[in-house]
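# A look at the structure
Letter by letter, the chains look like this.
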Amino acid sequence: MLPGHHKFRCLRLLIGIMLKGIHPMRLARALCAHDQHDPKINAIVTAANLNLLQLDYDFQIVDEGSVSHSATGFLKQMESLAKTFFLESELQLITNAGGYAVVECAELLGHFLSDRGAPELPITAVRGANVLPRLEELYAEGVPLVDEHTGRSILDFSEPLLSAHVQLGAGPIAAALAEGSRIIIGQCYDSAAPFLAAAVHAYGWPWNQYDALANAATAANLAQLANSLNSLDDKSDLLSMLPPVFELAADGSATILPLLHQEFNKTGLLESLHDSVSGATTLSNADIRTDITDIDLQTEAYGSLSIRGVLGEAPQQDWILTAIFADGFCATALFAITDVKALQRAEGVKASLDSLFQAAGFAGQDIRTECLQPLEDCSVIYLRISCKSFLKEPVLLFIQEIANYAVRNESQEFYLLDAPLQVRRTTRSCQVFMDPDVVDVSIDTRTAREWY
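Described in the following lines is the structure provided in the data block. The model shown is predicted, which means the values in this text are computed figures rather than measured ones. (Residues numbered from 1 in each chain as written. Predicted model: local features only at pLDDT ≥ 70, side-chain atom pairs only at ≥ 80, totals over all residues. Heavy atoms only, no water.)

Scanning the chain from N- to C-terminus turns up 12 helices and 19 strands. Expressed as a percentage of its 452 residues, the buried residues of the chain come to 49%. (Helix = DSSP H or I, 4+ residues; strand = E, 2+ residues; numbered from the N terminus. Buried < 20%, exposed > 50% of the residue type's maximum accessible area, 1.4 Å probe, protein only.)

What the rule picks out here adds up to 14 salt bridges. Note that Arg449 and Glu120 form a salt bridge whose closest N and O atoms lie 2.3 Å from each other. Here Glu120 lies in the loop between α4 (102-115) and β4 (122-127) and Arg449 lies in helix α12 (residues 448-451), a separation of 329 residues in the sequence. The exposure class of Glu120 is partly exposed, given its relative accessible area of 44%. The residue Arg428 makes a salt bridge to Glu159 at a minimum N-O spacing of 3.2 Å. With Arg428 in strand β18 (residues 424-434) and Glu159 in the loop between α5 (135-140) and β5 (161-166), the pair connects residues that are 269 residues apart, well separated along the chain. A single network of salt bridges, built from pairs that share partners, joins Arg134, Glu137 and Asp440. (Salt bridge = Lys/Arg side-chain N within 4 Å of Asp/Glu carboxyl O.)

Next up on the list: the environment of Ile154. With respect to the element layout, Ile154 can be found in the loop between α5 and β5. Separated by 276 residues in sequence, Ile154 and Cys430 place their C-alpha atoms 8.2 Å apart. Beyond its immediate sequence surroundings of up to four residues, Ile154 is in contact with Leu135, Leu145, Asp147, Leu321, Ala323, Phe325, Cys430 and Val432. (Contact = heavy atoms within 4.5 Å.)

Quick look at the nonpolar core now. Membership of the largest hydrophobic core comes to 72 residues, with the highest contact counts inside it found for Ile154, Leu222 and Leu321. The dominant element in this core, judged by the number of residues it contributes, is helix α8 (residues 210-232), at 11 residues. If near-sequence neighbours (up to four positions away) are discounted, Leu321 is found in contact with Val131, Leu135, Ile154, Ala164, His165, Val166, Cys430, Gln431, Val432 and Met434. Ranked by size, the runner-up nonpolar core spans 39 residues in total, among them Ala28, Met78, Ala118 and Ile185. (Core = buried A, V, L, I, M, F, W, Y, C linked by side-chain atoms within 4.5 Å.)

The next point concerns the packing of helix α10 (residues 342-359) against helix α11 (residues 392-409). The axes of two packed helices give the description: the angle between them and the distance between them. Where α10 contacts α11, the two axes come as close as 12 Å, and the packing angle between them is 135°. Judged by the angle between their axes, α10 and α11 are oblique. As for the relative orientation of α10 and α11, their crossing is right-handed in sense. The residues of α11 that touch α10, namely those facing Arg345, Val349, Ser352, Leu353, Leu356 and Phe357, are Phe398, Glu401, Ile402, Tyr405 and Asn409. Looking at the contact of α10 with α11 residue by residue, the class counts come to seven nonpolar, two polar and two charged. (Axes fitted to C-alpha atoms, helices over the stretch in contact; angles between N-to-C directions. Parallel < 35°, antiparallel > 145°, perpendicular 65-115°, else oblique. Left-handed = near helix turned anticlockwise from the far one by under 90°. Nonpolar A, V, L, I, M, F, W, Y, C, P; charged D, E, K, R; others polar.)

On to the sheet that holds strand β6 (residues 183-185), then. Ordered in space as β11-β12-β8-β7-β1-β2-β3-β6-β4-β19, the 10 strands form an open sheet in which the pairing is mixed. Two strands lie at the open edges of the sheet, namely β11 (296-299) and β19 (442-447), each paired on one side alone. Averaged over all adjacent pairs, the angle separating strand axes in this sheet is 25°, with direction ignored. Helix α9 (residues 266-276) contacts β8 (254-257), β11 and β12 (305-308) of the sheet and is inclined by roughly 165° relative to β11. (Pairing = 2+ DSSP bridges.)

This brings us to the side chain of Asp287. By the secondary structure assignment, Asp287 is in the loop between β9 (282-284) and β10 (289-291). One buried charged residue, Asp287, forms no salt bridge at all, with the nearest opposite charge on Arg289 at 12 Å. In this structure the side chain of Asp287 is engaged in a polar contact, spanning 2.8 Å, whose partner is the backbone nitrogen of Ala170. (Lys, Arg positive; Asp, Glu negative; His and termini not counted. Polar contact = N/O pair within 3.5 Å; in protein donor to acceptor, adjacent residues only side chain to side chain.)

Let's shift gears to the sheet that holds β9. Spatially, three strands are ordered β9-β10-β13 in an open sheet, and the strand pairing comes out antiparallel. Only two strands of the sheet have a single partner each, and these edge strands are β9 and β13 (311-313). Across the sheet, the axes of successive neighbouring strands diverge by a mean angle of 25°, strand direction being ignored. The pairing of β10 with β13 spans three bridges and is antiparallel. Looking across to β13, one finds that Thr290 is bridged to Gly312.

Interhelical geometry of helix α6 (residues 170-178) versus helix α7 (residues 193-203) gives an angle of 45° and a closest axis separation of 8 Å. Between α6 and α7, the crossing angle belongs to the class labelled oblique. You can see that α6 and α7 cross each other, and the crossing is right-handed. Together, Ala170, Ile173, Ala174, Leu177 and Ala178 of α6 and Ala193, Pro194, Leu196, Ala197, Ala198 and His201 of α7 make up the contact between the two elements. Grouping the amino acids of the contact of α6 with α7 by side-chain chemistry returns 10 nonpolar, one polar and no charged.

Structure representation (structure tokens):
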């Protein structure tokens, strides 16, 4: 007879399979600009009959040194996805769109969905990833907060600390799914956490079913790489540029599915995966470590690729805190030179600007110029000039000098692109390994109407 805990695990697995039917789960992960709507996402949801959509937004450090509060592009995206969520009862969405304002993002979404006839749709806000306000408290409690590369506490760094987010593991997301949530809004999570949480919830996998979890984590990592490779390839239609769709089955197997005209560069994906770990053989995620020494993508029927040869190992148990520090300011100017002696003129402009900056007192600043020629036989030359400084004032002076130079010398053959010029923050980041037990995670699930 099976011991009691084994009986319970088998029962969970059986219930998961019965609830989801005999068909494998379909999952997709899309990388999104924080302030934009992406029509490709609507296409992938329509074409793929998804069970899970993961939307990962980038968050930009703005001039004042703050991070965007939430992804404004998320609500724009939901304007086109709302009807699909109303009609497709099995579709779930997990996103980091909350940024620093998870509750506010959930409230806005609740208002939006209630006004569009879906007031009972469950929404979860997962808080706790932002530990910037708690760093002093954590340090006082004995949490070391040591940067893995320098061995120094991040509180000892002199540069301004702009953000500190913990990459949450799959546990909080799985808990939200167990509460029946359809849309889960977080701040920051491990890149593989949504796929792992969805699989654990759907199939009742225990957290030590390492090989199955490793397949799911590999799928999440390949999803990001495939997004990048598809964008670089020469594509002629929207469907061929869609984010890849993955199938995860109850037995732990994982497959990349081609949709219509999609084709995936198997060799390119494997090379990119190995490059992403800088020659190592292990992918490390919050809930699983994956040995990719013998990984292979085997071609199956209709061009699908099955993930083979990966082995799972117990995670290192710590979550990663990413701290972002202010590192200075920068600005970049790009001139176009189009006359028949473009290269010769570019060298003259470069020498002229070097003299200008020396006369203006830029000797101690990092100013670089570079000539860019798209094709050998092309008469167009681009001249890129950049300035970087820890202080903002020299960069503002650089913009002033460039703008005046451009006005004085502008012609049909020589002109400044992308005016007006702007000052941008430069940053650097460091990583700290943190015990999950010291991270206070809150999981708040309510209907859209209750958020509103």
